[in-house]
Amino acid sequence: MARGHGRVLTRIWDDPDFTALPGEIQRLYLFLISQPNLNHAGLLPLTLKRWSSKASGLSPAVVRSQLALLSAHRFVVVDEDTEELLVRSFVRNDGVWKQPQVMGAMVSGALEIASRPLRAALLAEVERIPLEELSDEPGRKGLSPLQEVSRHIAALRAAFREPDPKPPAAVFPEGVEEGVAEPLAEGVEAGSTRARGRFPLPLPHSPSLFVADVVDIRSARSERPDVEEACTLLADLIAANGTKRPNITKRWRDAARLMIDTDKVALPDVLGAIRWSQADEFWRSNVLSMPTLRKQYPKLRLRAQAQQRGQQPTSYQTYADRGVF
């Protein structure tokens with residue numbers, strides 16, 4: 001739904017950085033935060049030509065120079081490569097963090113961000129949220145506002161996790177010679193796997209980290225970080241969309257393991273499918289478990305590819321048509 005107003009805190013006029021800006025630059029900032037397509041994360045598509053049409057004598061070049069000044073003073077973050085703009089302090093100043101349901105919408109809006117600098121800027125702002133001001137009294141759903149908002153923040157951190165530039169070296173289980181079994185990654189943690197996939201674009205399948213007939217898998221949680229990462233991301237994003245966070249069961253882990261090992265879907269594609277399904281208005285209400293994700297993966301992949309080619313245009317900006325995964 002398009003926004004009907006923009007919220008401006010009166011203390012902005014006591015901000016020496018803001019009052020030092022020329023009047024036309026201040027006007028541009030107020031213009032940006034009152035845009036109807038500004039989402040709850042503070043994200044806007046960079047549409048210089050359209051913005052310049054809102055005032056007589058304004059040109060895209062002038063808007064670009066004004067944005068450069070706003071960016072230099074850290075009121076906005078701009079990425080011309082991905083054609084995105086982030087109103088940096090929007091989540092805090094608009095009071096988004098005070099409302100758990102709106103924070104869920106913020107996470108969904110944040111997942112549309114393609115730019116790494118914008119993602120980093122938003123995460124930095126989220127870290128500045130004064131969580132201590134939220135109530136810790138349980139609400140109707142049994143969770144306090146503090147717990148709900150904290151879960152949304154955790155979901156955002158998980159979704160924006162960056163890949164480790166130096167993958168861990170491969171070692172082999174004791175008594176197994178090289179070339180006989182698939183390698184076991186040494187010191188694997190959730191953050192060390194490639195967290196951001198390129199689904200639906202095909203990627204080479206990475207060998208599974210464990211071989212069932214060589215390694216006794218007694219604890220999926222401790223011994224399959226790839227499975228755990230996929231299950232945790234799906235549960236976190238389901239909760240971020242306003243649904244009760246599901247429990248990660250053996251059935252979930254089995255589905256994720258089979259998807260990676262048997263279906264030969266690389267972990268980056270699994271994670272990409274999770275993010276895409278939970279950002280899509282239709283699929284987020286249909287993919288509510290890992291077994292369902294595995295079953296529907298072929299359809300999700302085809303749908304995302306179709307949107308990427310522009311065959312099925314949608315008003316909801318997905319990862320595919322942003323080129324994020």
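Residues numbered from 1 in each chain as written. Predicted model: local features only at pLDDT ≥ 70, side-chain atom pairs only at ≥ 80, totals over all residues. Heavy atoms only, no water.

(A) Region of the structure containing the overall build of the protein. A tally of regular secondary structure across the protein gives 14 helices and five strands. Taken across its 325 residues, the protein has 47% of its residues classed as buried. A total accessible area of about 16,600 Å² is found for the protein, and carbon and sulfur atoms account for 51% of it. (Helix = DSSP H or I, 4+ residues; strand = E, 2+ residues; numbered from the N terminus. Buried < 20%, exposed > 50% of the residue type's maximum accessible area, 1.4 Å probe, protein only. Areas by Shrake-Rupley, 256 points an atom, 1.4 Å probe, with all protein chains shown as cover.)

(B) Quick peek at the packing of helix H7 (residues 116-127) against helix H8 (residues 145-159). One can describe the packing of H7 onto H8 by two numbers: an axis separation of 11 Å at closest approach and a directional angle of 155°. With respect to their mutual orientation, H7 and H8 come out roughly antiparallel. Viewed along their axes, H7 and H8 form a crossing whose handedness is left-handed. Taking contact as the criterion, the partners of Leu-122, Leu-123, Val-126 and Glu-127 in H7 are, on H8, Ile-153, Leu-156 and Arg-157. When its residues are assigned to classes, the contact of H7 with H8 shows five nonpolar, no polar and two charged. (Axes fitted to C-alpha atoms, helices over the stretch in contact; angles between N-to-C directions. Parallel < 35°, antiparallel > 145°, perpendicular 65-115°, else oblique. Left-handed = near helix turned anticlockwise from the far one by under 90°. Contact = heavy atoms within 4.5 Å. Nonpolar A, V, L, I, M, F, W, Y, C, P; charged D, E, K, R; others polar.)

(C) Layout of the packing of aromatic side chains. Under the definition given, this model contains six aromatic pairs. For the ring pair Phe-31 and Trp-51, a centre distance of 6.4 Å and an interplane angle of 85° mean the geometry is edge-to-face. With a gap of 20 residues between them, Phe-31 in helix H2 (residues 23-33) and Trp-51 in helix H3 (residues 48-52) connect regions that are remote in the sequence. Exposure remark for Phe-31: the relative accessible area of 13% places this residue in the buried category. Classification of Trp-51 as buried rests on a relative accessible area of 1%. Put simply, the rings of Trp-13, Phe-18, Tyr-29 and Phe-75 touch in pairs and so form one group of aromatic residues. (Phe/Tyr/Trp six-rings, centres within 6.5 Å; stacked < 30°, edge-to-face > 60°.)

(D) Representation of helix H11 (residues 250-261) in the model. Compared with an ideal rise of 1.5 Å per residue, which puts twelve residues at 16 Å, H11 spans 16 Å between its outermost C-alpha atoms and is within 8% of the ideal. Among the residues of H11, those classed as buried are Trp-252, Arg-253, Ala-255, Ala-256, Met-259 and Ile-260. Seen end-on, H11 carries its buried residues on one side only, within an arc spanning 160°. Within H11, the exposed residues directed more than 90 degrees away from the buried face are Lys-250 and Arg-251. (Expected span 1.5 Å × (residues − 1). Arc of directions from axis to C-beta.)

(E) The arrangement of the side chain of Gln-26 in detail. As for its placement among the helices and strands, Gln-26 is situated in helix H2. Residue classification places Gln-26 among the buried residues on the basis of a relative accessible area of 13%. Setting aside residues no more than four positions away along its own chain, Gln-26 makes contact with Trp-13, Phe-18, Thr-19 and Leu-21.

(F) Looking closely at the pattern of salt bridges. This model, assessed by the stated rule, comprises twelve salt bridges. In this structure, the salt-bridge partner of Asp-261 is Arg-224, at a minimum N-O distance of 2.9 Å. Taken together, the residues span a long stretch of sequence, with Asp-261 in helix H11 and Arg-224 in the loop between helix H9 (220-223) and helix H10 (225-240) at a distance of 37 residues. Look at Arg-224 and you get buried, because its relative accessible area is 2%. Taking the shortest distance from any N to any O, the salt bridge between Asp-263 and Arg-294 comes out at 2.7 Å. Placement of Asp-263 in the loop between H11 and helix H12 (267-279) and of Arg-294 in helix H13 (residues 290-308) is noted, with a sequence separation of 31 residues between them. (Salt bridge = Lys/Arg side-chain N within 4 Å of Asp/Glu carboxyl O.)

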